[in-house]
Structure formats: C-alpha cells, structure tokens
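Single-letter residue listing:
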Amino acid sequence: MNVNEDSRNGASNEEVVKASNLLSKMTIEEPARLAVKGRTFSVQYNLPRLPVPALEQTLNRYLDTCRPLLDDEQFKTTSEIVQKFKEKEGPELQKLLEERATKHTNWLSDWWKSVAYLDSRLPVVVVNPGFYMPRQNFRGKQEQIDFTARMIAGLLDYKIMLDEQTLPVDTMGGKPLCMVQHYQLLNACRIPGLKKDTHVHIPPTDSNQPRHITLIHNNHIFSMDVYGGQGKPLSIAQLRAQIQSCVDQSKMPAAPVGILTTMDRSSWGKAYHDMVKDKTNKASLENIQRSILAVSLDGPLPQPTDGSDVDMAAGISLHGGGSKVFSSNRWFDKTLQFNIGEDGYVSANYEHTTAEGPPVIGIMDHILNFLEKKKDPWLGAPDVQPPKRLNFNLTEKVKQTISRGLDDIDSNVEDTMIRALFFKDYGKNFIKKVKMSPDAYIQVAYQLAYYRVYKQPCATYESGSLRRFQLGRTDTIRSCSSASLAFTQAMDDSSVDPATKVDLLRKAVQSHRQYTDYTVSGQAVDRHLLGLKLTALESGRDIPELFMDLAFKESTHFRLSTSQVASQHEAFLCFVPVVPDGYGLCYNPREEQLIVCITSFNNSPETNSEKLMDSLSQSFRDMQKLLVDNSNVGN
Ligand code: COA
C-alpha cells in the first residue's frame, strides 16, 4: 500500500532533505536552560531543589502506610526487613543518592522520565490521559470546521503568552511552582524506539520555530501552517480556509497509519525503524514530530451500547473508540492532540512523558474562555502556504503491523469501562464549610466507597505535585491510612455512635492532609524508595530484600489510582487503572459539584466502574448526612 501517492500534495525532495536537517537540531532539552528572562520564569532559579528525605523518616512512614494493608504477622516480618535495611544497605545507598542530588538540578526527573515513560513498552494509549470538554454548541461538518478554526486561534492566543513568557507563575498554597512543564506541551512528540523511546521538543528559544500543526481527517495526515509570512498567526477565516482545504482533499479514508501509535512500543518501534529508511516516510514523520500539536477531525459520536454519551465521549478522548471509529484518526505520540467530533463533542489526549494534567488544563481552560469571545483577534497573515498532505510508503511488513494494530486497539477498547459521575448534591464549598480539606475528604470517600464494595482496604495512589522544586513532577500520596481504615470500618457499624464516626472521619481527613503536606514538600515515601532502588541497580548491587517483600508489592499494587485535576469548566480528565484489578479515578472538585471519572478493565472479574460509582455517590451522601446531622452546619 502506498499511502497518498499523489505527489502534488506531498513533500518535494528538497523539502524532504530540509525536514531531515531540521530534525538533527532537535534534542531533549535540559529544560532549566530555558529559564532566562520574562515573567514566567522570574522565580525559576530561586525554586529549591528536590530534597532527598532522611532515610529513617522514609522507612518509618513506609511502615505506617503498610500497616492497614497487612496482618499482624506480615507486619512483624516487614518491620524486621525494614530494620535490616536501615542497618545494612540503606545508609550506603542513601549516601550515593545524596551525592547524585548534588550533581543534578533534580535527582529524580531524568530517572522518572525513563522509568515511568520512555522505558515502558506498553502502548501509550494505555498511559495517555484523555480530557473531556463540555459538549460544544455546533453540529455538522461546516460548523465543525468553523469551531476547529476558532479552537486553533484560542491555542495560538495561548501560545503568544508562552512565546513572550507572560504566562503568570503558577502557585500552590501561596508558593511558586516550576513552569517548565508548560513549555513542553507544544512542539513536542514521543518517538518509538526498539528498546526505549525518545522524546523531542523544540523550545520557544529555538530560532527555527514550527509554523504548522498536524491535521488529521479520515486518517489522512496534513501539515497545515497556522502562521504566515512575518511569523504572523492566521486569522480565524484563514484557518477555516486551511482546514476546509484539508477536508476537501480527504473525502475517502486513507490507510490507517496512525494506528501504529496505539501499539505496544516495541512493535511500533520496529515498524518505525523500517519506515524511516524511506526518505518520504522520514520527512512525513519528522514533520509530525516538529508540529505544534495534532488536531483530529472526527465524525459524529457513535451510539453508546453501554453507558452514557459522556462515557462514550470520554472513551473517544482516551483511545479513539476502536478501529472502526476514530483510533486511526490520531497520532497518540504527539504530546498534545485535540479531537473534534462532528456533533459538538470535543476532547484532548496528551502524552505524559513531560507534563502532568494541570498545565494541559491551563491550555484547555484558556481555549474554552477564548471560545466565549466572538471576535477574531488577528487581522490575518500574508503569504499563507496551503496545507500539504504527508505521504507514506509502507512495506508489506509495516502493513502487517498495521493490521495487528487494528485488532489490538479493539481489544483495548472493549476492555475499558468508563463511568463519569457528576455528583451534584454538593461540592468543595460544603466541605470547606465543615472545615475540612476538600481533596482529603474526597480521598476518604474513595476509601469508604472501596471498602463498602470489597470489605477490605487497598493501596491507593494519589498524584501529589513536586512542582515547588525545580523540574519537579509528582510523588505518591498514599491515601490508605490506619486512620482511613478506622473510619471506613466504623462508618457502617451500628455499634459505633455518630459522634465517634464524625471524629474518625475528621481524623482520617487530617491524616490524609498531613501526608499531602509531606508529599508536596518532597518528604513522601515512594520516589525516595525508587531512588534507593535505582541507586542499587546503577551501582551494580543486589536489589535489597525490602523491595522483594510482600508488603512492598502489596503497598505498591495501587488498586485505586487517583488524581485531582481541577478545571474551571464542567470538564474532566480520565485515565485507565495502573493494575489489571484496579480503578483509575480522576476528579474535578468544583464549588457546588464533584466530577469523578472512573475507569476499570472489563477483563477483570473483580472490578466494575459502575458499581464503584454507585458506592461513591452513596458514600458522598452518607458522609454529608453524618456531618450535617451531627454538627452545627447546614448542607
Ligand atoms: N477548612 C477549610 N478550607 C480548607 C481546609 C480546611 N480544613 N483545608 C483546605 N482548605 C481549602 C484550601 O485552603 C484550598 O482553598 P482555595 O480553593 O481557596 O485554594 C482548598 O480548600 C483546596 O485545598 P485542598 O482540598 O486541601 O487541596 P489542595 O488544593 O491543596 O490540593 C493536591 C491537593 C494533592 C491535589 C495538590 O497538592 C496537588 O498536588 N495537585 C497536583 C496533582 C497533579 O499533579 N495531578 C495530575 C496528575 S496527571
């Protein structure tokens, strides 16, 4: 199959060579080097470095978090193993880790990028989060094109703030945060490798800035300029004309090359390795990698056979819906991708290597606010180059890989169960009124909901930001605690009086908030333990017994993987569970509403998103009732 052989729309040889030369300039930037001048990075160099916590503190906290998950005998064994580690290998590994910390801006960030992302051979479709946007007010192809033009204009409006470094510094609890993640969402892409992937990013300081986006329609992939002569952004009318031109050239579906980006990374890496031997393929792939972002124009939302339209739309944001829906109409390696349906359903998908959800939400919130304005912000640009269709020459071997990819994605889609809960009885305001941390309260509700279904607690992961530190990413807030277990056990026990239940609830919330404070100040357990383990591996030592112990396995088998990603809008992020028998819960706590998207795998007989959603709604209701009936607060 020779995809898009029409050379009139393809890249010329000269362009092929030019694109290849450009790629050689692309590097994985040491992001701190971008922190030069301007408001966005004004405090960047004053941010502290990520500390290495004290060994004894981490080991004590580790034991505390293991306690609710272990019986007495196992806890005794684990305590002995921890004690041995504290006396034997621990101090030496700690010393080596502290030495590493003196040599790196952030001792964790490079390791994390590799271990959590680039080394992984799982398809990115399992790892990339999706972002569901509230349904927009357009219907049909022409209105879809018009909306897409305005959405891209909103993105360019945001990009001006990035390029001019006028984006205000984010803060958390009044403290400034590292801003580097914002800079790595655009002009960026993951590239599959045979054993390990790489990631490219063209920083705003590079003199050779990309002027194009990747536009995908009916599986055809276009390089579409969004800047014209003198580097001016295109007006909405000009963008509309560009998109229309792409749509006009892609009435019939093309070969599903994009499906390769849904595959396990070794299969895609092998196919990529073959493809780049061909000059046309190489130029097309490099063009995609260099583009600002990808935009996919989809058809209408398919009728859901299970769950609601919103659940279906969330699924489309995550995986594209399967081989017969929109999964081939994607480039999942692109760090940021918008998916625009024909009937007002709009979503995004992002590749996780360089950034967490909050900077993505920053872009999406900006665009949603921009869309409310009716005026075209720019007069237009001179010398607009028409879009170019990107061509691919596919060998028999690559075609076979594509066929396999089409089957694999359907299994992935069938396996994923998504339920979006819009809980409207109350939101953050009520929780603040009862003087509790909203995030901690929601986490305790997750513990109760899970306990009610399974009659036991489970290891729970919440992402806690490390962005107070230079190049900071996340650490794990271990949400399951002895205090949360005491509350969940008492809540449905009729022998416990309500005042005691309120007291246990408050203690559980406080305990969670306390662990959150440890985490965001770089004093949590998981990344430190990871650092010690990687230090052992890199220095050729044996892996200490602590990491082989059942308690370590149990306490890192996160059946609940959760993350708060707040948006100003009725929107939410979603991601799949991190273990086969677990759940993914991503939530947007709003003033008067709690939005939670719950995912699970249908292949697991033990999990069911709908069941957990029902239990969670009931837990939210019961916790409110308990507090209202037993304190001086109205609901
Ligand atoms: N009484 C009244 N109000 C309280 C309170 C109490 N006891 N405790 C907290 N609050 C208030 C806070 O002051 C804050 O007020 P604001 O809305 O005016 O800012 C609000 O409630 C929210 O605080 P809280 O719910 O405690 O959470 P948080 O905002 O500190 O967030 C995390 C906690 C863990 C979500 C945050 O630290 C974090 O790390 N976020 C990033 C997560 C991430 O990266 N996710 C993406 C992964 S892809």
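Residues numbered from 1 in each chain as written. Predicted model: local features only at pLDDT ≥ 70, side-chain atom pairs only at ≥ 80, totals over all residues. Heavy atoms only, no water.

With that settled, consider the overall build of the chain. When helices and strands are tallied, the chain shows 20 helices and 20 strands. Its C-alpha radius of gyration of 25 Å places the chain within 12% of the 26 Å reference for a compact globule of 635 residues. When its C-alpha atoms are laid out on the principal axes, the chain stretches across 75 × 55 × 50 Å. Looking at the chain residue by residue over its 635 residues, the buried ones come to 61%. Pairs at least 24 residues apart make up 76% of the contacts formed inside the chain by residues separated by at least 6 positions. (Helix = DSSP H or I, 4+ residues; strand = E, 2+ residues; numbered from the N terminus. Rg over C-alpha atoms; globule rule 2.2 N^0.38 Å. Buried < 20%, exposed > 50% of the residue type's maximum accessible area, 1.4 Å probe, protein only. Contact = heavy atoms within 4.5 Å.)

The next thing to look at is the UniProt feature "domain: Choline/carnitine acyltransferase" (unreviewed entry) in the chain. Here, UniProt's "domain: Choline/carnitine acyltransferase" (unreviewed entry) annotation points to residues 50-617. Helix makes up 43% of residues 50-617 and strand 16%. Its end C-alpha atoms lie 38 Å apart. (UniProt positions renumbered as here; feature names shortened; annotations may be inferred.)

The next point concerns the environment of Ala486. Relative to the assigned elements, Ala486 resides in helix H16 (residues 482-491). Accessibility expressed as a relative area gives 30% for Ala486, which makes it partly exposed.

We now examine the site of the ligand. In the vicinity of the ligand, 23 residues are found, and the nearest of them are Lys432, Ser437, Asp439, Ser465 and Arg513. For the ligand, an oxygen atom lies 2.9 Å from a polar atom in the side chain of Lys432. Ser437 is positioned such that a nitrogen or oxygen atom in its side chain is 2.7 Å from an oxygen atom of the ligand. If the ligand stood free it would expose 980 Å²; the protein chains cover 67% of that surface. For the shell around the ligand, the secondary structure elements donating two or more residues are helix H12 (357-371), helix H15 (438-454), strand E15 (460-465), helix H17 (498-520) and strand E17 (560-564). A breakdown of the residues in the shell around the ligand according to their chemical character gives 8 nonpolar, 9 polar and 6 charged. (Near = heavy atom within 4 Å. Polar contact = N/O pair within 3.5 Å; in protein donor to acceptor, adjacent residues only side chain to side chain. Areas by Shrake-Rupley, 256 points an atom, 1.4 Å probe, with all protein chains shown as cover. Nonpolar A, V, L, I, M, F, W, Y, C, P; charged D, E, K, R; others polar.)

The next subject is the pairing of strand E5 (residues 188-191). Neither face of E5 is open: one carries Ala188 and Arg190, the other Cys189 and Ile191, and all of them are buried. Here 4 bridges tie E5 to strand E6 (residues 198-201), and the two strands are oriented antiparallel to one another. Following the sheet pairing, Cys189 is matched in E6 by Val200. (Pairing = 2+ DSSP bridges.)

Compared with an ideal rise of 1.5 Å per residue, which puts 13 residues at 18 Å, helix H18 (residues 526-538) spans 18 Å between its outermost C-alpha atoms and is within 8% of the ideal. Where burial is concerned, most of H18 is hidden: 10 out of the 13 residues are buried. Within H18, the full set of buried residues consists of Asp526, Arg527, His528, Leu529, Leu530, Gly531, Leu532, Leu534, Thr535 and Ala536. (Expected span 1.5 Å × (residues − 1).)

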